[in-house]
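# Topology and contacts: notes
Okay, here's what each chain looks like letter by letter:
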Amino acid sequence: MSLPLSQLHGHRPAGDIPVAVPAYDRSALGVGIIHFGLGNFHRAHEAMYLDRLLAAGEDPGWGICGVGVMPGDARMRDVLAAQDNLYTLVLKAGDGGLEARVIGSIARFLYAPDDPEAVLRALAAPGTRIVSLTVTEGGYRLPEAADSAGVFALIIAGLARRRAAGIAPFTVLSCDNVPGNGDVARSVVLDCARRSDPALAEWIAAEVAFPNSMVDRITPVTTDADRALVAERLGLEDAWPVVAEPFVQWVVEDHFPAGRPAWERAGVQLVEDVEPYELMKLRLLNAAHQGMAYTGLLRGFTFAHEAAADPVIAGFLHRYLAEARASLEAVPGINLDDYIRQLFIRFTNPAIADTLDRLATDAVNRIPKFVLPAVRDNLAAGRPAGAGALLVAAWAEWVARSPEPGDPLEHEVWTRARNLGEDPLAFLRCEQVFGELANNAIFSEGYIASLEAIRAHGIDAALEGSPE
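The notes below deal with the structure included here.

The rules behind the values
- Residues numbered from 1 in each chain as written.
- Predicted model: local features only at pLDDT ≥ 70, side-chain atom pairs only at ≥ 80, totals over all residues.
- Heavy atoms only, no water.
- Helix = DSSP H or I, 4+ residues; strand = E, 2+ residues; numbered from the N terminus.
- Rg over C-alpha atoms; globule rule 2.2 N^0.38 Å.
- Buried < 20%, exposed > 50% of the residue type's maximum accessible area, 1.4 Å probe, protein only.
- Contact = heavy atoms within 4.5 Å.
- Areas by Shrake-Rupley, 256 points an atom, 1.4 Å probe, with all protein chains shown as cover.
- Lys, Arg positive; Asp, Glu negative; His and termini not counted.
- Charge placed at Lys NZ, Arg CZ, Asp CG, Glu CD.
- Pairing = 2+ DSSP bridges.
- Axes fitted to C-alpha atoms, helices over the stretch in contact; angles between N-to-C directions.
- Salt bridge = Lys/Arg side-chain N within 4 Å of Asp/Glu carboxyl O.
- Core = buried A, V, L, I, M, F, W, Y, C linked by side-chain atoms within 4.5 Å.
- Phe/Tyr/Trp six-rings, centres within 6.5 Å; stacked < 30°, edge-to-face > 60°.
- Lys NZ or Arg CZ within 6 Å of the ring centre and 35° of its normal.
- Disulfide = S-S within 2.5 Å.
- Polar contact = N/O pair within 3.5 Å; in protein donor to acceptor, adjacent residues only side chain to side chain.

### Structural notes on the overall build of the protein
The secondary structure content of the protein amounts to 20 helices and 14 strands. Against the compact-globule benchmark of 23 Å for 468 residues, the protein has a radius of gyration of 23 Å, which places it among compact chains. If one aligns the C-alpha atoms of the protein with their principal axes, the spans along those axes are about 65 × 60 × 45 Å. Counting every position in the protein, which comprises 468 residues, the buried fraction comes to 55%. Summarising the internal contacts of the protein: among those between residues at least 6 apart in sequence, 78% fall at separations of at least 24. Per element, the accessible surface of the protein, about 18700 Å² overall, is 51% carbon and sulfur. Each charge sign in the protein was given a centre, from 40 positive and 61 negative side chains, and these centres are 3 Å apart.

This is how it looks when you write it as structure tokens:
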């Protein structure tokens, strides 16, 4: 019989796989970090790193207060309340090996729609020194980001209270897959603040730090099979465990005027400049995910590991990665050949079972950030960009076959994809996504050739005939 996490204190789970459990005094946890968006991604990296530090004797004042603002976050509120804010992190290796740990670094969780004042009090508390966030790429778009009940409005209101009380501001740490995420968060916060209080915006611009960061760990959606595995193999009852790959990398710009945990002791890379690491991840891992998503879906696959292990898709991905790599400069401490080899080990891990549908989500934001910058750099330098053109053509073909979406930008892209028979360049002419790429003869000709090959002979033939 599985042991509920709320009863873990003083007991050991009876599963056949050993589980590390918090040995530190969780009753002593204070809140030093408030995190917006307490999903699987955050719980597989930031909360995990802090749990490592707490286990090593780090100041218990650095506990996390999770905050949810979306309707779906109510379930996280209920799950964590029933589990004493504990959850299980299970790492699945490609050879079937499992490693498990119960994470205890979350001190409390607040659901903003229940009590927005409680969130503001937590943001204004002197002990709160970092506010981190994972709100997805689309969460930084205006006007959505300016929602008076949203994350950025709460952050601004919390900073306003601190300013009025003479309390030093907290540091805002974005952990989203957004290029220059700290710079983007700063821009959104200042833009929203200027709308209501220009003087506050000036204070934020002068006093608040927004370090950039890069996080890398493949973390799929939790399934019922994951819950069953935790119960049967670990002997724990966990309504929302987190499953992730063993690989993890977190690179953070070391700019925390109000202080920070000793993350470097837990394996975090604290650096002066995150950009080289960020570009490596965005243009190689994230872009390759886009490449396998649409080609894999067109070939009828469901999971990322199926697509990555397919010889035709793998061959295309190798060609694409060689093309994207040419747009990168050297990354301190990283051998890019080894990094790419590691990517394929990660991609082909069947235990993770990451879905291609998940990788294909929000492409209108992901393609411009992950794929097109390398395409533009290669075109500007006179280097090949044919594999990038084929990736975009595969996306266009998949969109044309997909149901009508509700998001305005996705709907525009979908409408253009449905008209490709009349105007092959209609898709590329969506300037909000592609800018002026439709006017680049080399790229547009490669895109049209790839699209025609897909439509005339199928994705297999197009991939096999893609540029070397």
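### Considerations on the sheet that holds strand E8 (residues 130-133)
A sheet is described by the order of its strands in space; here 5 strands give the open sequence E7-E4-E3-E8-E9, paired in parallel fashion. Edge positions in the open sheet fall to strand E7 (106-111) and strand E9 (171-174), since each of these has one partner strand only. Each adjacent strand pair in this sheet contributes to an overall mean axis angle of 20°, direction not counted. The sheet contacts of helix H3 (residues 73-82) involve strand E4 (63-68) and E7, and relative to E7 the element is tilted by about 140°.

### Quick look at the environment of Thr88
As for its placement among the helices and strands, Thr88 is situated in strand E5 (residues 87-92). In this structure, the C-alpha to C-alpha distance between Thr88 and Val102, residues 14 residues apart in sequence, is 4.4 Å. With residues near it in sequence (within four places) discarded, Thr88 still touches Leu5, Arg101, Val102, Val230, Leu234, Leu236, Asp238, Pro241 and Val242.

### Comments concerning helix H4 (residues 116-124)
Buried within H4 we find Ala118, Val119, Leu120, Ala122, Leu123 and Ala124. Turning to H4, the residues buried within the fold contact strand E3 (31-36), E4, E7, E8 and helix H5 (151-165).

### Points about the environment of Asn85
Relative to the elements of secondary structure, Asn85 occurs in the loop between H3 and E5. Judged by relative accessible area, Asn85 falls into the buried class, the value being 13%. Every residue in contact with Asn85, bar those within four places of it in the chain, is listed here: Arg26, Leu80, Ile103, Ile106, Ala107, Arg108 and Phe109.

### Regarding the pattern of salt bridges
Summed over all chains, the structure comprises 26 salt bridges. Between Arg260 and Glu264 there is a salt bridge, and its shortest N-O distance comes to 2.7 Å. Taking the shortest distance from any N to any O, the salt bridge between Asp377 and Arg283 comes out at 2.9 Å. Highlighted residues: Asp377 in helix H15 (residues 372-380) and Arg283 in helix H9 (residues 275-298), separated in sequence by 94 residues. A residue is classified by how much of its surface remains accessible, and Arg283, at 8% relative accessible area, is buried. A network of salt bridges, in which partner residues are shared, links Arg77, Asp78 and Asp114.

### Looking at the side chain of His42
With respect to the helices, strands and loops of the structure, His42 is situated in helix H1 (residues 40-44). Look past the residues within four positions of His42 in its chain and what remains in contact with it is His35, Gly37, Ala47, Ile64 and Thr134.

### A word on the nonpolar core
Counting 79 residues, the largest nonpolar core has Leu284, Met292, Trp395, Phe427, Phe434 and Tyr447 as the members making the most contacts within it. When residues of this core are assigned to their parent elements, the largest contribution, 12 residues, is made by H9. Once residues lying within four places of it in the same chain are set aside, the contact partners of Phe427 are Val392, Trp395, Ala396, Val399, Val413, Arg416, Ala417, Leu420, Phe434 and Tyr447. Among the nonpolar cores identified, the runner-up in size contains 38 residues, and Ile33, Leu89, Ala244 and Trp263 belong to it.

### A short note on the packing of aromatic side chains
Per the stated rule, a full pass over the model turns up 10 aromatic pairs. A centroid spacing of 5.7 Å and a plane angle of 70° characterise the contact between Phe256 and Trp263, whose relative ring orientation is edge-to-face. An aromatic cluster is present here, built from Tyr49, Trp250, Phe256 and Trp263 joined pairwise through their rings. The cationic tip of Arg43 hangs over the ring face of Tyr87; the distance from NZ or CZ to the ring centre is 4.6 Å.

### Structural notes on the state of the cysteines
One pass over the structure, following the stated rule, counts 0 disulfides. Note on Cys65: no disulfide assigned, nearest cysteine sulfur contributed by Cys175 at a separation of 15 Å. Cys192 carries a free sulfur, and the closest cysteine sulfur to it, the one in Cys175, is 19 Å from it. By relative accessible area, Cys192 is classed as buried at 10%.

### Here's the deal with the pairing of E8
Here E8 shows no split at all, with Ile130 and Ser132 on one side and Val131 and Leu133 on the other all buried. Strand direction decides the pairing type here: E3 and E8, joined by 4 bridges, are parallel. Bridge pairing links Ile34 to Val131 in E8. Bridging between E8 and E9 involves 4 bridges; their strand directions are parallel. By the bridge assignment, Ser132 is partnered in E9 with Leu173.

### Observations regarding the side chain of Glu245
Considering the arrangement of structural elements, one finds Glu245 in the loop between strand E12 (242-244) and strand E13 (249-253). Side-chain polar atoms of Glu245 contact the backbone nitrogen of Ile218, separated by 2.7 Å. A polar contact is formed between the side chain of Glu245 and the side chain of Arg346, at a distance of 2.5 Å. Those residues in contact with Glu245 that lie beyond four places of it in its chain are Leu91, Lys92, Arg217, Ile218, Arg346 and Ile352.

### Structural notes on the sheet that holds strand E6 (residues 98-103)
Taken in spatial order, the 4 strands of this open sheet run E2-E6-E5-E12, and their pairing is mixed. Of all the strands in the sheet, just strand E2 (19-20) and E12 have a single pairing partner and so form its edges. When E5 meets E6, the two strands line up antiparallel, connected through 6 bridges. Among the inter-strand pairings, Tyr87 is bridged to a residue of E6, identified as Ile103. Of the strands in this sheet, E5 and E6 are in contact with helix H2 (residues 46-55), which crosses E6 at around 75°. Here helix H8 (residues 224-234) sits on the sheet in contact with E2, E5, E6 and E12, set at roughly 95° to E5.

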